[in-house]
Amino acid sequence: MTNQSATELVRQLAEGEITSAELTQTYLDRIERFDGRVKAFLRVDPTAALAQAEEIDRRRKAGKPLGPLAGLPVAVKDVLCTQGEPTTCASRMLEQFRPPYDATAVAKLKAADAVLIGRTNMDEFAMGGSNENSAFFPTHNPWDLSRIPGGSSGGSAAAVAARMAPLALGTDTGGSIRCPAGLCGISGLKPTYGRVSRYGLVAFASSLDQIGPMGQTAEDCALLLEVLAGHDSKDSTSVDLPVPRYTETVCRPLEGLRLGLVREHFGEGLDAEVDRAVREAVRVYESLGASVKELSLPHGKYAVATYYIIAPCEASSNLARYDGVHYGYRSGVSPKPGPGGLGTSVPSETAQGSGFRVQGSDASARSPHPNPLPKGEGTGSDNALIEMYRRSRSEGFGAEVKRRIMLGTYALSAGYYDAYYKKALKVRRLIRQDFDRAFEEVDLIIGPVTPTPAFKIGERIDDPLAMYLFDLYTVSTNLAGIAAISIPCGLSSAGLPIGLHLQSPPFEEERLLRGAAMFQQATDWHTKQPPLS
Amino acid sequence: MSISRAEVEKVSLLARLRLSDEELDRMTRQMGDILGYIDLLSELNTEAVEPMAHALDVANAFRDDAVRPSLDREAALANAPHHDGECYLVPAVFDEG
């Protein structure tokens, strides 16, 4: 059953060939079997998932109307608010947090009658490209458990790759859907900024964040995007444009497709096997009638530097809300967080093994604390309140989050604002203009999604700059606000997936999906599965 | 551009973080590496370029000024680490006497 695409499973459910309860149980069994090693999920509640599945089966039997994902299990990245259920962002800061409302994306999944099968692991607050920044434990790449799955939506990518969920929600601020999709051999789409409502997505960098679908195929991404996309009065940056019926057009190949190959993407730093796989993919497109034009994005080389100013600036501002007062961790009051980060122990109730994990009781966080708080010894700017802020944030955030808050605070501080933030905003426009010019001549830009296949866990943990440079092909998509997808296009000699990156003009997701699907009709890389047993 | 340990310590106050000595050393080195890389942008002349804060050209989105229910107090306090059922509680900020 789990070899089937989500699209096929939805059809079988609708035809009554399988029940949602059977299907959900099949995925739960795989989670139990594999997730002790992969660690894609932070929490799975089998009882709740099965109850939801049985309810949908009952409604189907009774002939009631059902949504477009009726009975299909979907995994959700733990950065999307779900009312009354933990939403941790893989951070100690939010370990006890239970949102008072649903994110619009989650509400839409519920309205589409999807079965919410579990919450996936991620880099803390979606900051990172390897999933090693989760405060709880790193996720492992199902193709090689000693390697990273990519990040920050690494749990979602690993869950789909290991067939522990047919579809998953991810979020992408600088490549966080596409990088793990590429490294885990699945399909993942970052929609145009404004295509999907961000309401209830815990903010990292508000001008860059987007929610998107992750699945085995472009067709599966179309199925989920159709549910997610659309205007939402709760997000003023969501755009009021009609949502195309992606599922109806996705299987129609693009005729006379003009592809752009960016000269600068094939330079130094690109792994030879990735280079070869991408060029082979280009030949596949040519055999399907596409024309290929070499072009230049002259400001592409500035994208990583620009991104690592703008994203930390927005992050430092967004994460100022974690003050130990309204919600989240508070030093001396909340349960003490354990040591976070890579290779650290996992709280006993979330221990290895079954893959079924439950958060600890949050009762202590809710009751008023009886003891008066210690007064800080400092004076002036370092009074007891500021001391409480500083301790809470230092104990609640992990190293990468602190690093980005520090970079952003520095770049926005008096005397540096023009040199860093304003400068970056100007380069951001130049990057966008490069794309606008390129898309006058080509329909889609094609290239590698990451410079190499997945690296080893721990390999780059002490070198943040090397980690940032891994994002070089993906960040410009977010800076420009355009759309892009990663689909599998090969395996390295070590058996690791290689991702193909397609980028489109804003709001051309339909073109992107059709372009990706025509490749998948001609190749079988998307059917390859990791050697888990 | 490099950054000194004293500057990093000052920024940590602005950011409401408290870094240990070891963290300060590491942060100084890593921020120096990253800022050094970011210096790449200085080779670009951007004098005539308008800053782009946002990918969309959307104007302010207004809604009707209508009264609608908001989060009730119990729900708003439910996640607070320290409250008295009516208010959020914080450490005192004024000295007594």
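Residues numbered from 1 in each chain as written. Chains lettered and ligands numbered in written order. Predicted model: local features only at pLDDT ≥ 70, side-chain atom pairs only at ≥ 80, totals over all residues.

Turning our attention to the overall build of chain B. For chain B, the helix and strand inventory stands at three helices and zero strands. Overall, chain B shows an N-to-C arrangement of helices and strands of α-α-α. Its C-alpha atoms put chain B at 55 × 45 × 30 Å along the principal axes. Scored against the burial criterion, the 97 residues of chain B give a buried share of 23%. (Helix = DSSP H or I, 4+ residues; strand = E, 2+ residues; numbered from the N terminus. Buried ≥ 20, exposed ≤ 12 C-beta atoms within 10 Å, placed from the backbone.)

Parsing chain A into structural domains produces domain 1 (6–309 + 427–527) and domain 2 (323–334 + 374–396). Classifying every residue of the side of domain 1 of chain A that touches domain 2 of chain A by side-chain character gives three nonpolar, two polar and two charged. (Domains from an automatic or database assignment. Nonpolar A, V, L, I, M, F, W, Y, C, P; charged D, E, K, R; others polar.)

It is worth spelling out the sheet that holds strand β6 (residues 210–215) of chain A at this point. Residues and elements named next belong to chain A. Taken together, the eleven strands give an open sheet; going across it, the order is β1-β3-β2-β4-β6-β5-β10-β11-β9-β7-β8, and neighbouring strands pair in mixed fashion. A strand with exactly one partner marks an edge of an open sheet, and here the two such strands are β1 (41–43) and β8 (291–295). Averaged over all pairs of adjacent strands, the angle between their axes in this sheet comes to 30°, without regard to strand direction. With two bridges joining them, β1 and strand β3 (residues 115–120) adopt antiparallel strand pairing. If you follow Phe 41 over to β3, its bridge partner there is Thr 120. (Pairing = 2+ DSSP bridges. Axes fitted to C-alpha atoms, helices over the stretch in contact; angles between N-to-C directions.)

With that out of the way, let us pick up unusual backbone geometry. Residues and elements named next belong to chain A. The omega angle of the peptide bond from Gly 151 to Ser 152 is 5°, so this bond is cis rather than trans. By secondary structure assignment, the location of Ser 152 is in the loop between β3 and α5 (154–161). With a phi angle near 55°, Cys 89 is a residue other than glycine that sits in the positive phi range. By the secondary structure assignment, Cys 89 is in the loop between β2 (73–77) and α4 (104–111).

Turning next to α5(A). All names here are of chain A. The buried count for α5 comes to eight of eight residues, which makes it a mostly enclosed element. Within α5, the full set of buried residues consists of Gly 154, Gly 155, Ser 156, Ala 157, Ala 158, Ala 159, Val 160 and Ala 161. One or two steps after α5, the chain reaches Arg 163, where phi turns positive at roughly 55°.

A few words now on the confidence of the model for chain B. All names here are of chain B. On average, residues of chain B score 92 in pLDDT, and 96% of them reach the 70 mark or higher. Element-level pLDDT for chain B is lowest in helix α3 (residues 73–77), with a mean of 95, against a maximum mean of 97 in helix α1 (residues 5–14). The ipTM, which scores confidence in the relative placement of chains, is 0.95 for this predicted complex, and the corresponding pTM is 0.93. (pLDDT = per-residue confidence, 0-100.)

Let's shift gears to the pairing of β8(A). All names here are of chain A. Burial analysis of β8 places just zero of its five residues in the buried class, a small minority of the element. Relative to β8, strand β7 (residues 258–262) runs parallel, the two being bridged by five bridges. Directly across from Arg 258, in β8, lies its bridge partner Ser 291. Handedness of the β7-helix α9 (residues 272–287)-β8 crossover: right-handed. (Right-handed = clockwise from strand over helix to strand, strands pointing away.)

What follows deals with the interface of chain B and chain A. Between chain B and chain A, the residue contacts involve 45 residues of the former and 62 residues of the latter. For the side of chain B that touches chain A, the leading source of residues is helix α2 (residues 21–38) of chain B, giving seven residues. In terms of residue class, the side of chain B that touches chain A is built from 32 nonpolar, seven polar and six charged. (Contact = placed C-beta atoms within 7 Å.)

In this section: the nonpolar core. Core analysis: the biggest nonpolar cluster contains 174 residues, and Leu72(A), Val74(A), Ala159(A), Ala165(A) and Ile309(A) have the highest contact counts within it. Considering each element in turn, this core owes the most residues, ten residues, to helix α10 (residues 303–318) of chain A. Those residues in contact with Ile309(A) that lie beyond four places of it in its chain are Ala411(A), Tyr420(A), Tyr421(A), Ala424(A) and Ile38(B). (Core = buried A, V, L, I, M, F, W, Y, C linked by C-beta atoms within 7 Å.)

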